[in-house]
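# Architecture at a glance
So you can see what is in the structure, the chains are spelled out below.
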Amino acid sequence: MKPPAPAHACAIVLVLLPLLAVLQTTCAQKNAIDIYSLTVDSRVSSRFAHTVITSRVVNRADSMQEATFQMELPKKAFITNFSMIIDGVMYPGNIKQKDAAQKQYSAAVARGESAGLVKATGRKMEQFQVSVSVAPSAKVTFELVYEELLKRRLGVYELLLKVQPRQLVKHLQMDIHIFEPQGISFLETESTFMTNELADALTISQNQTKAHIRFKPTLSQQQKSAEQQDTVVDGNLIIRYDVNRTLSGGSIQIENGYFVHYFAPEGLSMIPKNVIFVIDTSGSMMGKKIRQTREALIKILEDLRPEDHFNLISFSREATQWKPSLVPASTQNVEEAKKYANSIKAQGGTNINDAMLMAVQLLDTATREEQLPSGSVSLFLLLTDGDPTVGETNPTKIQKNVQEAIGGQYSLFCLGFGFDVSYAFLEKLALDNGGLARRIYEDSDSALQLQDFYQEVANPLLTAVTFEYPSNAVEEVTQDNFRLFFKGSEMVVAGKLRAQSPEVLSAIVSGQLPMENITFQMESQVAKQEEEFQKPKYIFHGFMERLWAYLTIHQLLERMVSASDADKQALETQALGLSLNYSFVTPLTSMVVTKPEGQEQSQVAEKPMENAGVSLYARVHDLPSKTVGTPGLNAPVLYRYTSRKLDPDLRIPSRKGFLANPLLASSSSGGPTILDDYLDETMEETSPTAPPPAPIQAPTVILPLPGQSTDQLCVDIKRTPGPLLLLLSDPDQGLEVTGEYKMEKAQFSWIEVTFKNPQLQVHVSPEHVVVTRGRRSSEYKWKETLFVVMPGLTMTMDKAGLLLLSSPDKVTIGLLSWDGLGEGLRLLLRDTDRFSSHVDGILGRFYQGVLWGPPDTTDDSKRTLRARGFDFDATRELKLDYQEGTPGTEISCWSVAL
């Protein structure tokens, strides 16, 4: 007989992140609720993703267990169904108008029950949660369905999946089917959990129009080790792809009486742009924010083309313009602007109104005086982290002032830095003026987020784009005119065909180039298109009608932001009707989740709004510059003492813990301060002692010697012609490795690897890894597992922080943030026999006709090495080998100083 179960309740949290579930036990009785089957079926048909997650669990305990079902899905996705099957009985989720669900919701809250609300979680995701009690030995099936239109951004579509089962799953399988009639031109997968053991569980098959990605690991592949029952599957799976394109009117696809028109022509030249950067430099931007803004702004300025015109306005209490007018993006002007950007400091209040009106006046004057190129595009880029506090502070009045000043002539793009900013205010400000808003999240990659957003709008290709279809053929068309079309994006128009539509659907797309109008014409055979989408089993049929409804709802919700009160009600009524008709959980609807008798009956899922974020960081309030840092001021600014300079970002460690208010280090009484206490402690802890013998350190670079030798060359850099070094270059391999070496620190500030095919750049610093593909940049932290498979290259990083860039026919490049003795960035090389005869660089020369002289007659540990006509003294020495990770092992190698 089994022993009796514990009397206490055991809380089990079952988390489904997009496309996979997470089981997290929160008591000692681990895995009482067991996921024995977890399957994902995601079908992407013409960019529209329909995802079904099915999780089957069983309660293996002898008592009732509560499972909390949590699911993260993309913010732009709509939940369309959620149901539970318990003991053969289905309990569905019912989607209702919010008002209709409110009574049930309020009653649940009044009873003290949780309400199962969806809430924002992170940058791109939001979380749905519902709880259910599970009887002993009972089985429960959870099924969740959501849909989203994948938006093209910087040249690719992206499907983000989080994979965190938190336990071994007997039947774990993910299937992602992609069908694109235009043809798939590019496909890559990226994972933050994949290991070499799991690599075989991921299979990718692809032909001209279809792709199938399957992840099906066995129990042994999921297991961390034979002794541990924990899973290694824990992280992100990202699928990126693009489709074939030509200089044409795009692709019209038809299914079940609905059509969708995708437009993103290739081969168009960039239109010159006139851009004014309006940058918040108020006190709340102090510290990391302003440093990241400066860093991003300098990179952005470097990307300006000579035909562009620009200016900068910084604002706090008052607005200041860099130049009296817009100037061409010449090399000299860009260099001057970078110096100005680098000098920007944060202090004072936030006067958004005056800054924007000054920016509009600058463009008005330049336009009136014909200072700008004919046919160019003018836009503003506003970055702020807070609400207006100086001058005009009424958001509605500011929105009205800016809209009247712009008068529909220019586009305004707003970036809200952090969670303290009123995103709703910025969103309306942008949408009122033909632009869009984006939140910039406070993180180590904030500068990259700023740069990526700029890249999205940096290359206008067409203006005033209009789509026209025969009135006797189509009805109920989504938005069919657009102010700007940018490189790397895509315009999507969907609509319904009339009952007696012609056999051929024609379309005309017109737009403006700098000096002329351009027109694209195209036709699509209705019957042929219908047939194409009826045959394949992997297509979610009827998707195009749902795509039309999805797109229409999103556009109606966007129009509501900037609509008048009179128009807003009509737009809301239309969006609500579509949401209910197609069972979408939108900001206008709620889903009521039903449960068995005796359990909570009123859990309600609602779609959160973007501006409902919660501040994750203490905010430094806008203050006049003269008051910042004065004695007694209770502001959350943190300092550390380093080489007699105060760094306003880090706390001061002491035996009493981290100092809560280091500004009190400024003592008005002249007596001892907290900072003095810290310095005293530091001095006590660093009393001089006899220096230990010099430890064996890692060399700057370890090179496998060419040929069949198993010996290695340890290279140290002792002098350089300058900080920037060409380490390796092999044009036949399409490979170049450069670095910046700081002699005073005896280490690399950064190392950069550039591949020609595929076009890829990997930039590493001691802080992070930045990968740039085309105009897209992604940041990764050291020692985070990474596994990227793309055509022609595989990129992996393990928990030790070793980043490997490999290809079947290329030299493998390794990069490592070494934290052992002689810490710093390190370079590794493998498969060096693949170097061509054209390899070059200060390290590459050791792979070209190296000649060794005879041993020294008096000391056989010394020899001469000749490479590319230069002689080097080589000495046999003990060094620390960093190639297998910390702490390293001692090796004997030939040591050379450059």
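Remember, it's a predicted structure, so these values are computed and weren't measured experimentally.

Summing up its helical and strand segments, the protein chain has twelve helices and 52 strands in all. Looking at the 898 residues of the protein chain, the share that counts as buried comes to 54%. Residue pairs at least 24 apart in sequence account for 66% of intrachain contacts in the protein chain once pairs closer than 6 positions are excluded. Counting only carbon and sulfur atoms, one obtains 50% of the accessible surface of the protein chain, whose full area is about 39,800 Å².

Attention now goes to helix H10 (residues 543-562). One turn of an α-helix holds 3.6 residues; hence residues three or four places apart share an orientation. Taking 1.5 Å as the rise per residue, H10 with 20 residues should run 28 Å; its terminal C-alpha atoms sit 30 Å apart, in good agreement. Of all 20 residues in H10, 15 are buried; the element is thus mostly enclosed.

Two elements in contact, helix H3 (residues 288-302) and helix H8 (residues 446-457), have axes separated by 8 Å at closest approach and are oriented at 35°. In the packing of H3 onto H8, the handedness of the crossing is right-handed. Residues Gln 292, Thr 293, Glu 295, Ala 296, Lys 299 and Ile 300 of H3 pack against Ser 446, Ala 447, Leu 450, Gln 451 and Tyr 454 of H8. Tallied by class, the residues present in the contact of H3 with H8 amount to five nonpolar, four polar and two charged.

In this section: unusual backbone geometry. A cis amide bond links Asn 757 to the next residue, Pro 758, at an omega of 0°. Mapped onto the elements, Pro 758 comes out in the loop between strand E40 (747-755) and strand E41 (760-764). Its identity as a non-glycine residue notwithstanding, Ala 746 has a phi of 55°, on the positive side. Take Ala 746: it is sitting in the loop between strand E39 (735-742) and E40. You will see that Lys 783, though not glycine, has its phi angle at about 70°, which is positive. Assignment of secondary structure puts Lys 783 in the loop between strand E43 (776-781) and strand E44 (786-790).

A few words now on the pairing of strand E51 (residues 870-881). Across six bridges, strand E50 (residues 862-867) lies against E51 in antiparallel orientation. Of the residues in E51, the one forming a bridge with Ala 867 is Phe 870. The hairpin turn running from E50 into E51, its antiparallel successor, is two residues long, and Arg 868 in that turn takes a positive phi close to 55°. In the sheet, E51 pairs with strand E52 (residues 889-897) via eight bridges, with the strands oriented antiparallel. Note on E52: the bridge partner recorded for Lys 879 is Ile 891.

The subject of this paragraph is the sheet that holds strand E31 (residues 517-525). Read from one edge to the other, the open sheet built from four strands follows the order E28-E26-E30-E31, with strand pairing classed as antiparallel. Strands with a single pairing partner mark the edges of an open sheet, and in this sheet they are strand E28 (481-486) and E31. For this sheet the average axis-to-axis angle between neighbouring strands, irrespective of direction, equals 30°.

Our focus in this paragraph is the side chain of Thr 80. As for its placement among the helices and strands, Thr 80 is situated in strand E6 (residues 78-86). Under the relative-accessibility criterion, Thr 80 is labelled buried at 11%. Among all residues touching Thr 80, those that are not within four sequence positions of it are Ile 95, Val 145, Tyr 146, Glu 147, Arg 546, Ser 583 and Phe 584.

The next point concerns the pattern of salt bridges. Where side chains of opposite charge bring their charged atoms close, a pairing between them can arise. Evaluated as defined, the whole model comprises 34 salt bridges. For Arg 47, the salt bridge goes to Glu 180, with nearest N and O atoms at 2.7 Å. Of this pair, Arg 47 sits in the loop between strand E3 (33-45) and strand E4 (48-59) while Glu 180 sits in the loop between strand E12 (171-179) and strand E13 (184-191), and the two are 133 residues apart along the sequence. Glu 180 shares its class with Arg 47; the two are buried. Here Glu 190 and Arg 240 are joined by a salt bridge, their closest N and O atoms 2.9 Å apart. Of this pair, Glu 190 sits in strand E13 while Arg 240 sits in strand E16 (residues 235-243), and the two are 50 residues apart along the sequence. You can call Arg 240 buried: its relative accessible area is 3%. Put simply, Arg 47, Arg 152, Glu 180, Asp 242, Arg 245 and Glu 490 are held in one network by salt bridges that share partners.

Summarising the element assignment, Arg 546 is placed in helix H10. Sequence spacing of Arg 546 and Ser 583 is 37 residues, and the spatial spacing of their C-alpha atoms is 10.0 Å. Residue contacts for Arg 546: discarding those within four places in its chain leaves Phe 48, Thr 80, Glu 147, Phe 540, Tyr 582, Ser 583 and Phe 584. Here Tyr 582 takes part through its backbone oxygen, which lies 2.9 Å from a polar atom of the side chain of Arg 546.

Here we take up the packing of aromatic side chains. Geometry of an aromatic ring pair is reported as the spacing of the ring centres plus the angle between the planes. By the definition in use, this model includes 27 aromatic pairs. Connected via pairs of aromatic rings, a cluster forms that spans Phe 48, Phe 78, Tyr 258, Trp 548, Tyr 550, Tyr 582 and Phe 584. Between Arg 47 and the ring centre of Tyr 262, over which it is positioned, the NZ or CZ distance is 3.7 Å.

What follows deals with the side chain of Gln 455. Here Gln 455 is to be found in helix H8. Those residues within four positions of Gln 455 in sequence are excluded, and the remaining contacts are Leu 154, Asp 303 and Arg 775.

Time to look at the nonpolar core. Within the largest apolar cluster, 61 residues are counted, with the highest numbers of intra-cluster contacts made by Val 762, Ile 813 and Leu 815. Not counting chain neighbours up to four residues away, the residues in contact with Leu 815 comprise Ile 751, Val 753, Val 762, Val 764, Trp 782, Gly 801, Leu 802, Leu 803, Leu 805, Arg 826, Leu 827 and Leu 828. Val 130, Val 140, Tyr 157 and Val 233 belong to the second largest nonpolar core, which has 58 residues in total.

Further remarks concern the packing of H3 against helix H4 (residues 331-342). Relative to each other, H3 and H4 sit at 175°, their axes nearing to 9 Å. When the axes of H3 and H4 are compared, the pair comes out roughly antiparallel. Contacts from Arg 294, Leu 297, Ile 298, Leu 301 and Glu 302 in H3 reach Val 334, Ala 337, Lys 338, Ala 341 and Asn 342 in H4.

A separate point is the sheet that holds E40. Read from one edge of the open sheet, six strands run E38-E39-E40-E41-E42-E43, paired in antiparallel fashion. Two strands close off the open sheet at either side, each with one partner strand: strand E38 (724-730) and E43. Strand-to-strand twist in this sheet, taken as the mean axis angle between neighbours without regard to direction, amounts to 15°. One ladder, built from six bridges, connects E38 with E39; its direction is antiparallel. Directly across from Leu 726, in E39, lies its bridge partner Thr 738.

Before going further, it helps to examine the environment of Leu 202. Of note, Leu 202 is situated in strand E14 (residues 202-206). A relative accessible area of 13% places Leu 202 in the buried class. Separated by eleven residues in sequence, Leu 202 and Ile 213 have C-alpha atoms that sit 7.2 Å apart. Among residues more than four places away in sequence, those in contact with Leu 202 are Thr 189, Met 194, Ile 213, Arg 214 and Phe 215.

Turning next to the confidence of the model for the protein chain. Residues at a pLDDT of 70 or more form 83% of the protein chain, whose mean pLDDT is 82. For the protein chain, the element scoring lowest by mean pLDDT is strand E34 (residues 641-642), at 32; strand E20 (residues 309-315) scores highest, at 97. Counting contacts from residues 1-29, a segment whose pLDDT is below 50, to residues more than four positions away or on other chains yields 103 contacts.

What follows deals with the environment of Ser 137. In this structure, Ser 137 sits in the loop between strand E9 (125-134) and strand E10 (139-149). Classification of Ser 137 by relative accessible area gives exposed; the value is 59%. Ser 137 sits 73 residues away from Met 64 along the chain, and the two C-alpha atoms are 9.2 Å apart. Filtering out sequence-adjacent residues up to four positions away, Ser 137 remains in contact with Val 58, Asn 59 and Ala 61.

Conventions we followed
- Residues numbered from 1 in each chain as written.
- Predicted model: local features only at pLDDT ≥ 70, side-chain atom pairs only at ≥ 80, totals over all residues.
- Heavy atoms only, no water.
- Helix = DSSP H or I, 4+ residues; strand = E, 2+ residues; numbered from the N terminus.
- Buried < 20%, exposed > 50% of the residue type's maximum accessible area, 1.4 Å probe, protein only.
- Contact = heavy atoms within 4.5 Å.
- Areas by Shrake-Rupley, 256 points an atom, 1.4 Å probe, with all protein chains shown as cover.
- Expected span 1.5 Å × (residues − 1).
- Axes fitted to C-alpha atoms, helices over the stretch in contact; angles between N-to-C directions.
- Left-handed = near helix turned anticlockwise from the far one by under 90°.
- Nonpolar A, V, L, I, M, F, W, Y, C, P; charged D, E, K, R; others polar.
- Pairing = 2+ DSSP bridges.
- Salt bridge = Lys/Arg side-chain N within 4 Å of Asp/Glu carboxyl O.
- Polar contact = N/O pair within 3.5 Å; in protein donor to acceptor, adjacent residues only side chain to side chain.
- Phe/Tyr/Trp six-rings, centres within 6.5 Å; stacked < 30°, edge-to-face > 60°.
- Lys NZ or Arg CZ within 6 Å of the ring centre and 35° of its normal.
- Core = buried A, V, L, I, M, F, W, Y, C linked by side-chain atoms within 4.5 Å.
- Parallel < 35°, antiparallel > 145°, perpendicular 65-115°, else oblique.
- pLDDT = per-residue confidence, 0-100.

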